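# Structural description and commentary
So the chains spell out like this:
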Amino acid sequence: MTPKDDLSIGDFAARAGVPASALRFYENRGLIRSRRTSGNQRRYARAELRRVAFIRTAQQIGLSLEEIADALAELPESRTPNRSDWARLSEHWKDRLNWQIDMLVKVRDKLTDCIGCGCLSLSSCRLVNRDDHIASHGPGPRRLIEG
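Owing to the predicted nature of the structure, the values given are computational and were not obtained by experimental measurement.

Scoring rules and cut-offs
- Residues numbered from 1 in each chain as written.
- Predicted model: local features only at pLDDT ≥ 70, side-chain atom pairs only at ≥ 80, totals over all residues.
- Heavy atoms only, no water.
- Helix = DSSP H or I, 4+ residues; strand = E, 2+ residues; numbered from the N terminus.
- Buried < 20%, exposed > 50% of the residue type's maximum accessible area, 1.4 Å probe, protein only.
- Contact = heavy atoms within 4.5 Å.
- Areas by Shrake-Rupley, 256 points an atom, 1.4 Å probe, with all protein chains shown as cover.
- Pairing = 2+ DSSP bridges.
- Axes fitted to C-alpha atoms, helices over the stretch in contact; angles between N-to-C directions.
- Parallel < 35°, antiparallel > 145°, perpendicular 65-115°, else oblique.

### Focus on the overall build of the protein chain
Secondary structure assignment for the protein chain yields 7 helices and 3 strands. Listed by position from the N terminus, the elements making up the protein chain come as β-α-α-β-β-α-α-α-α-α. Looking at the protein chain as a whole, 34% of its 147 residues are labelled buried. Within the protein chain, contacts between residues at least 6 apart in sequence are counted, and of these 54% link residues at least 24 apart. About 9,400 Å² of surface is accessible on the protein chain, with carbon and sulfur atoms providing 52% of the total.

### Some details on the sheet that holds strand β3 (residues 42-45)
On the basis of which strands lie adjacent, the open sheet formed by 3 strands has the order β1-β3-β2 and antiparallel pairing. A strand with exactly one partner marks an edge of an open sheet, and here the two such strands are β1 (6-8) and β2 (35-36). Inspection of the sheet shows β2 paired to β3 by 2 bridges, in the antiparallel sense. When the bridges of β3 are listed, R36 appears paired with R42.

### As for the packing of helix α1 (residues 9-16) against helix α2 (residues 20-28)
Running from amino to carboxyl end, α1 crosses α2 at an angle of 100 degrees, the nearest separation of the two axes being 9 Å. Classified by the angle between their axes, α1 and α2 sit roughly perpendicular to one another. Across the interface between the two elements, I9, F12 and A13 of α1 pack against A20, L23 and R24 of α2.

Encoded structure:
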């Protein structure tokens, strides 16, 4: 990092579009790095902006911070992801994303009638679960999950 490329935490947060508290959290989790000035102030390299963008994008598609940390740990020398890194890492997530898309479509299409919870509270429920027999399939909205 060269000092001319460094950003204070406030400037970095504004540029990244996240609160400073999120940056401190990401740093504590080892997702991003900063250096400290002689006055113990954080300074971030501009390249870390790409890491934050990667983190935010991964969070928005539903990945946990643990999954994000695992993905970032696969990068050589903890560097910022580039296009080929993103292609490789995102390949691992395609099945999961397809499952999420399928679930969203199911919820969207059944939201006004029932989301598969088996609550029996709707007189016109298309997914009737008389006597809660679906409970034997496991917890949660089984018809939505299994359907």
